[in-house]
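Analysis of the macromolecular model
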Amino acid sequence: MANCIHCGRTLPGITFGKKICAWCKQYEAAQRGEQQEYQPVMVTPWKRRETMPMLVTQAIFGINVAVFIGMLLSGASPMSPSSESLIAWGANYGAYTLTGQWWRLLTSCFVHIGLIHIAFNMWCLWSLGGLAERLYGRVTFAFVYLLCGISGSLGSVWWHSTPSISAGASGAIFGLAGAVIASLKLGEFSSSGMAQGTMQSLIAFVGYNVVFGAIGGRTDNACHAGGLVAGLVLGALIAKAAPEPSVVPRAGVLVLVAVILGGWMYGLQRSRAYPYLLMRAAEQVEEGKPDAAIPFYDAALKLHPGSSKSIHFQLARAYYQKKDLNGAEKELAQVLATDPKNEELLNDVGAIRLELHRAADARQSYAQLLAVNPQSAEAHAGLGAVASAEGNCPLALREYAQALELNSRLPEVHAREGECLLQLKRYDEAIAAYRNEIAVTGDDAATERALAGAYKTKGMTAEADAALQRAEKLKSPSGQE
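Residues numbered from 1 in each chain as written. Predicted model: local features only at pLDDT ≥ 70, side-chain atom pairs only at ≥ 80, totals over all residues. Heavy atoms only, no water.

1. Some points on the overall build of the protein chain
Looking only at helices and strands, one finds 23 helices and two strands in the protein chain. Residues counted as buried form 46% of the 481 residues belonging to the protein chain. By sequence separation, contacts in the protein chain at least 24 residues apart represent 59% of the contacts at least 6 residues apart. For the protein chain, the accessible area works out to roughly 24100 Å², and carbon and sulfur atoms hold 59% of it. (Helix = DSSP H or I, 4+ residues; strand = E, 2+ residues; numbered from the N terminus. Buried < 20%, exposed > 50% of the residue type's maximum accessible area, 1.4 Å probe, protein only. Contact = heavy atoms within 4.5 Å. Areas by Shrake-Rupley, 256 points an atom, 1.4 Å probe, with all protein chains shown as cover.)

If you want it as structure tokens, here you go:
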């Protein structure tokens, strides 16, 4: 077959006269003013790049294979990797993705769930990637692939209302299929036999995978749909607005789609992240990592200021766990401002202020608690602790007595009584107080050591040694239950 002397396209089998294709004829007619509308002309990528090495396709292929080999070397199952392994290697998981780990939208495109999964995806990538790379050029192809992959990941997060693991290159591959379909349909190749054959193959590929995914039930068709839609949009925009491989039009198309995806990301984060943030925070607190929990609580507050009471309370617990008493007091004070008669909050604020050695402020908190509930045993116990901290043991003992009268099984009050009684050298009463504490709260190493001290001070050496032995036993692994 002959080729067009201008652009190199293949001409029909029998061509007479000047060897110019239909697209170039339209272009020349438009230049002469004989035709108003014409299809943009560029050197056909099929011809221009048919011998071009598929460097980007090969690089993407290599990254996918390298990641899979890395997973195997780390101990992942070759046929069915565990959820933990997939998440560790960057799979898309809504609870993590929407709480700050946005990089999972991209890394998940290079993680695969077993040998069959990666084998099928890499076969599709090798076949379709070369076609798309020759059509768009290396740089545009790379960005189309990555944007479609991100769109597929976003589609998965959007569709699944509960945390679900998604991984694989299929979203990006569906995007390539959509981009090529749109470019062939709307661009300058729409009438060529090659285009028609390619179009039919791509449509069959998409249709088969959608049907197979729906029947199988395990395929993430939301990811496929997200990638496909992004590919269709990109392919159409490139065909209509940037058919020539010039930098500015192509960059404009890619930036536009990137901005749209960014808006989608923002919307998903605003609408879906709140429960995941609280879940992540609770996980960190449970693992003993309050520093890691605090940013999640802060982010949740920004999303839902109306739920600030419960979150401030949880933040206070996290600050207290990390020994930041000032931070804990600040959070509790914010809750107390909206609920000034909350007895639990007043008691907690008083305890924190006492630990901060601010006896006057602590007394004020316990006095407020007593004003809210005159029968509060906790308020009298707190006032007793304040008096003890100020060295006024007689007053402390009176407050402790009132607290125990209201609640004889209130924890720690008998032990505090014992401390004051020791200072007043009332050893027998102190010993009785410590024994009462053990009767109320059960065996405790700290209380046994305090009791041993009381025995020793009174000269009861044998009893002191026995109490110390019990304390050591409580500290040992066999004594911890």
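2. Some words on the packing of aromatic side chains
On inspection of all chains with the given rule, the structure shows five aromatic pairs. Seen from their ring centres, Phe61 and Trp126 are 5.3 Å apart, and the 75° between their planes marks the pair as edge-to-face. In this pair, Phe61 is assigned in helix α3 (residues 55-73) and Trp126 in helix α7 (residues 115-136), connecting sequence segments 65 residues apart. By relative accessible area, which is 28% here, Phe61 ends up partly exposed. With a relative accessible area of 39%, Trp126 lands in the partly exposed category. Ring centres of Phe120 and Trp123 lie 6.0 Å apart, and the angle between their planes is 45°; this geometry places the pair in the tilted category. Of this pair, Phe120 and Trp123 both sit in helix α7, separated by three residues, roughly a single helical turn. Residue Trp123 is classed as exposed on the basis of its relative accessible area of 56%. (Phe/Tyr/Trp six-rings, centres within 6.5 Å; stacked < 30°, edge-to-face > 60°.)

3. A short note on the environment of Ala362
Inspection of the secondary structure puts Ala362 in helix α17 (residues 359-372). Between the alpha carbons of Ala362 and Ala351 there is a distance of 6.9 Å; along the sequence they are 11 residues apart. Discounting residues that sit within four places of it in the chain, Ala362 has contacts with Gly350, Arg353, Leu354 and Val386.

4. Some thoughts on helix α15 (residues 325-338)
In this model α15 runs 21 Å from its N-terminal to its C-terminal C-alpha over 14 residues, within 8% of the 20 Å that 1.5 Å per residue would give. Listed as buried for α15 are Leu325, Gly327, Ala328, Glu329, Glu331, Leu332, Val335 and Leu336. Where α15 is buried, its residues touch α14 (308-321) and α16 (343-355). (Expected span 1.5 Å × (residues − 1).)

5. Some details on helix α21 (residues 427-441)
Here α21 is 15 residues long and its end C-alpha atoms lie 21 Å apart, about the 21 Å a rise of 1.5 Å per residue gives. Looking only at α21, the buried set comprises Ala430, Ile431, Ala433, Tyr434, Glu437, Ile438 and Val440. A positive phi of about 90° marks Gly442, the residue just after α21.

6. Let's talk about the pattern of salt bridges
Applying the stated criterion across every chain, the model contains 14 salt bridges. The partner of Glu329 in a salt bridge is Arg353, with the nearest N and O atoms 2.9 Å apart. Separated by 24 residues along the polypeptide, Glu329 in helix α15 and Arg353 in helix α16 bring together distant segments of the chain. Of the two residues examined, Glu329 and Arg353, each falls in the buried class. Across the pair Arg358 and Glu329 runs a salt bridge, and its minimum N-O distance is 2.7 Å. Taken together, the residues Arg358 in the loop between α16 and α17 and Glu329 in helix α15 connect sequence positions 29 residues apart. Look at the salt bridges and you will find they share partners, linking Glu329, Arg353, Arg358 and Asp361 into a network. (Salt bridge = Lys/Arg side-chain N within 4 Å of Asp/Glu carboxyl O.)

7. Notes on the environment of Leu278
Along the chain, the position of Leu278 falls in helix α12 (residues 247-286). In this structure Leu278 comes out as partly exposed when scored by relative accessible area, which is 26%. Those residues in contact with Leu278 that sit more than four places away from it in its chain are Tyr297, Ala300 and Ile311.

8. Quick look at a nonpolar patch on the surface
Taken together, the side chains of Met79, Leu115 and Ile116 make up a nonpolar region of the molecular surface, amounting to roughly 320 Å² of accessible area. Following the sequence through the fold, Leu115 ends up in helix α7. Taking the relative accessible area as the measure of exposure, Leu115 reaches 44% and is therefore partly exposed. (Patch = residues over 30% accessible without salt bridge, like charges linked within 9 Å, V, L, I, M, F, W, Y side chains within 5 Å.)

9. Remarks on the nonpolar core
Core analysis: the biggest nonpolar cluster contains 81 residues, and Tyr136, Val144, Leu176 and Leu234 have the highest contact counts within it. Setting aside residues up to four positions removed in sequence, Val144 forms contacts with Leu176, Ala179, Leu234, Ile238 and Leu254. Core analysis: the second largest hydrophobic core is formed by 22 residues, Ala387, Leu404, Val413 and Cys420 among them. (Core = buried A, V, L, I, M, F, W, Y, C linked by side-chain atoms within 4.5 Å.)

10. Looking at the packing of α21 against helix α22 (residues 445-458)
At a closest axis distance of 9 Å, the pairing of α21 and α22 adopts a crossing angle of 160°. Taken together, the axes of α21 and α22 lie roughly antiparallel to each other. Classified by chirality, the crossing of α22 by α21 is left-handed. Across the interface between the two elements, Tyr427, Asp428, Ile431, Tyr434, Arg435, Glu437 and Ile438 of α21 pack against Thr447, Glu448, Ala450, Leu451, Ala454, Tyr455, Thr457 and Lys458 of α22. Grouping the amino acids of the contact of α21 with α22 by side-chain chemistry returns eight nonpolar, two polar and five charged. (Axes fitted to C-alpha atoms, helices over the stretch in contact; angles between N-to-C directions. Parallel < 35°, antiparallel > 145°, perpendicular 65-115°, else oblique. Left-handed = near helix turned anticlockwise from the far one by under 90°. Nonpolar A, V, L, I, M, F, W, Y, C, P; charged D, E, K, R; others polar.)

11. As for the environment of Arg353
Arg353 sits in the buried class, given a relative accessible area of 17%. Considered as a pair, Arg353 and Leu325 are 28 residues apart in the sequence and their alpha carbons are 8.2 Å apart. Setting aside chain neighbours within four positions, we find Arg353 in contact with Glu329, Arg358, Asp361, Ala362 and Ser365. Within the structure, Arg353 has its side chain in polar contact with the backbone oxygen of Asp361 (distance 3.5 Å). (Polar contact = N/O pair within 3.5 Å; in protein donor to acceptor, adjacent residues only side chain to side chain.)

12. Looking at the packing of α12 against helix α13 (residues 290-303)
It is at 8 Å that the axes of α12 and α13 come closest, and there the two elements cross at 155°. Accordingly, the angle class assigned to the pair α12 and α13 is roughly antiparallel. Of the two elements, α12 crosses α13, and the hand of that crossing is left-handed. Every residue of α13 that contacts α12 at Gln269, Arg270, Ala273, Tyr274, Leu277, Leu278, Arg280, Ala281, Ala282, Gln284 and Val285 is listed here: Pro290, Ala292, Ala293, Phe296, Tyr297, Ala299, Ala300, Lys302 and Leu303. A breakdown of the residues in the contact of α12 with α13 according to their chemical character gives 15 nonpolar, two polar and three charged.

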